[in-house]
Amino acid sequence: MQDKIRLGIIGLGNMGTAHSNNLKAGKCPDFDLLAIADKNPKRIEWGKANLPEGITYFDNAEAMLDSGMIDACIICVPHYDHPRYAIACMKRGIHVMCEKPAAVYTKQAREMNAEAAKHPELVFGMMFNQRTNCLYRKMRELVQSGKYGQIRRTNWLITTWYRPQCYYDSGEWRATWAGEGGGVLLNQCPHQLDLWQWICGMPVKVNAQLHFGQWHDIEVEDDVTAYVEYENGATGVFVTSTGDACGTNRFEVQMDKAKLIVENDQLTLIEYDMTEQEFSRTCTEPFGVVGTTVSIPDTDGENPQHSGVLNAWGGAILRGEPLVARGEEGINGLMLSNAMHLSAFLGKTVELPIDEDLYYEELMKRVATSRLKTDVKEVTADTSTSY
């Protein structure tokens, strides 16, 4: 490998275009974008008209991977094909950066992770760009420091994903079981689900109420309320929707000796004078309230997002530097969304890790009756389903 990494992109849709523009703008100096694959001639025309000269375009991803032109590849295709192309890259000795979600169902992600284990020389990353946000990085640092005791409750209300009907009408594959494999949980919320478990850990039980086509003419979920339980007895709630015209994004973590809140681009720390347990035991006033100190924790102020993830990936390939998110970690947030779906499908609480075979069977029942009449193994689309 030379001083720069020879890069390819599979899929020049929403996210493929965003990444190519970041590369064009010089935001990711470790890479030379040399090849792009997309089966849609219009996207290739756009690339030739708007991206730098010297890029070779392919209408077949495998042809690009077999060309010998690239050392690393960003996968920006619809959800079902993420593991397919990640595995194809790995088998050819090509480093992989996969857009979220890791897959549609955990069995896919597990196969992808198993292939990655066979190629320890390759750098496999996941595009969890929200992990670069200084607020969430600081929140994770504080939660995991041990200074404030254990987590007691987590709440995330994330309803700022509003989408009008025309968004769903823009492609026949959108918001279908066969095309995307899910709705708001699989398309918009993988970042929050990843952050939730990255900061707070994985729960052990999930009970979810999902409404399918509640606010839109679609077949997948656009309104979700999920309740979880953690191993230590803590509880949590995750609420999301694409139907709230004026949404809210508020993440709270209640601990023994503090409360953390991220809202309106600010992290707030509320420290207690003593742990709740000690206060409850020693308080002599029936309506007593523990004393608190409110502060805004210092952060480094950095939030490089997608380019930050790619730069870390480049650093890992060239210099052995740490990734923002290892590709193998993508299965965790996916496990949460699969668990919420399965709980709603079965109408009961499910335990984690879920029964992956059962989830696949239930998903395929819905794929069989999907508006998009396509074999899941052959599902492809011309644009990325990200955002």
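Preceding this section is the structure that the text describes.
Quick notes on the rules
Residue numbers here run from 1 along each chain, matching the order of that chain's written sequence. Reporting in this predicted model follows two pLDDT cut-offs: at least 70 for local features of residues, and 80 or more for side-chain atom pairs to be given and counted; totals over whole chains, interfaces and linings ignore these cut-offs and use all residues. By convention in this description, side-chain values take in all heavy atoms of the structure and omit both hydrogens and water. Labels follow the DSSP assignment, with helices taken as runs of H or I lasting at least four residues and strands as runs of E lasting at least two, numbered in each case from the N terminus. The classification of residues rests on relative accessible area computed with a 1.4 Å probe and restricted to protein chains. Under 20% of the type maximum is buried, over 50% is exposed, and intermediate values are partly exposed. Whether two residues touch is decided by their heavy atoms; if any such pair falls within 4.5 Å, the residues are in contact. It is the directions from the helix axis to the C-beta atoms whose arc is reported. Strand pairing follows a simple DSSP-based rule, namely that at least 2 bridges must link the two strands. Lines fitted to C-alpha atoms define the axes here, with helix axes fitted over just the stretch in contact, and angles between the N-to-C directions of these axes take values from 0 to 180 degrees. Aromatic pairs are defined between Phe, Tyr and Trp rings, using the six-membered ring for Trp, whenever the two ring centres lie within 6.5 Å; interplanar angles under 30 degrees are classed as stacked, those over 60 as edge-to-face, and all others as tilted. Orientation is classified from the angle alone, with under 35 degrees giving roughly parallel, over 145 giving roughly antiparallel, 65 to 115 giving roughly perpendicular, and any other angle giving oblique. Residue polarity is assigned by list, with Asp, Glu, Lys and Arg as charged and Ala, Val, Leu, Ile, Met, Phe, Trp, Tyr, Cys and Pro as nonpolar; anything else, Gly included, falls into the polar class.

A.B. asks: Any chance you could explain the side chain of Glu362 here in plain terms?
C.D. replies: Topologically, Glu362 is positioned in helix 12 (residues 356-368). Residue Glu362 is classed as buried on the basis of its relative accessible area, which comes to 9%. Sequence-distant contacts of Glu362, that is, excluding residues within four places in its chain, are made with Leu342, Phe345 and Leu346.

A.B. asks: Honestly, helix 2 (residues 41-50) in this entry has me stumped. Any pointers?
C.D. replies: Along an α-helix, a turn takes 3.6 residues, which lines up residues three or four apart on a common side. The complete set of buried residues in helix 2 reads Arg43, Ile44 and Gly47. End-on view of helix 2: buried residues confined to an arc of 100 degrees, all on one side of the axis. Turned more than 90 degrees off the buried face of helix 2, the exposed positions are Pro41, Lys42, Glu45, Lys48 and Ala49. Contacts made by the buried residues of helix 2 are with helix 1 (14-24) and strand 3 (56-58).

A.B. asks: Explain the sheet that holds strand 6 (residues 124-126) to me, please; I cannot follow it from the model alone.
C.D. replies: The parallel open sheet is built from six strands, whose spatial order is 3-2-1-4-5-6. Looking at the sheet topology across the chains shown, the edges are occupied by strand 3 and strand 6. When the angles between neighbouring strand axes are averaged without regard to direction, this sheet yields 25 degrees.

A.B. asks: I keep staring at the packing of aromatic side chains and nothing clicks. Help me out?
C.D. replies: We describe a pair of aromatic rings using the distance from one ring centre to the other and the angle between the two ring planes. Under the definition given, this model contains eleven aromatic pairs. Ring centres 5.7 Å apart and planes at 70 degrees place the aromatic pair Trp177 and Phe345 in the edge-to-face group. Of this pair, Trp177 sits in the loop between helix 7 (165-169) and helix 8 (190-200) while Phe345 sits in helix 11 (residues 330-346), and the two are 168 residues apart along the sequence. With respect to class, Trp177 is no different from Phe345; both count as buried.

A.B. asks: I keep staring at the packing of helix 5 (residues 106-117) against helix 12 and nothing clicks. Help me out?
C.D. replies: Between two packed helices, both the angle of their axes relative to each other and the distance between the axes serve to describe the pair. Where helix 5 meets helix 12, the axes come as close as 9 Å, and the angle between the chain directions of the two elements is 125 degrees. Considered as vectors, helix 5 and helix 12 are oriented oblique to each other. Judged by residue contacts, Thr106, Lys107 and Arg110 of helix 5 engage Glu356, Asp357 and Tyr360 from helix 12.

A.B. asks: Mind showing me how you'd approach the pairing of strand 9 (residues 221-229) here?
C.D. replies: Within a regular strand, the side chains alternate between the two sheet faces. Alignment of strand 8 (residues 205-212) against strand 9, held across eight bridges, turns out to be antiparallel. Across the sheet, the residue bridging to Leu210 is Val224, located in strand 9. Relative to strand 10 (residues 235-241), strand 9 runs antiparallel, the two being bridged by seven bridges. If you follow Val224 over to strand 10, its bridge partner there is Thr240. Remark: five residues form the turn of the hairpin made by strand 9 and strand 10, two consecutive strands paired antiparallel; Gly233 in that turn has positive phi of roughly 95 degrees.

A.B. asks: Please clarify how the packing of helix 1 against helix 10 (residues 305-319) should be interpreted in this entry.
C.D. replies: Between helix 1 and helix 10, the least distance of the axes is 10 Å, while the angle of their chain directions is 70 degrees. Classified by the angle between their axes, helix 1 and helix 10 sit roughly perpendicular to one another. When helix 1 is examined against helix 10, the residues Met15, His19 and Asn22 are found in contact with a partner set consisting of His306, Ser307 and Leu310. Class assignment for the residues of the contact of helix 1 with helix 10 results in two nonpolar, four polar and no charged.

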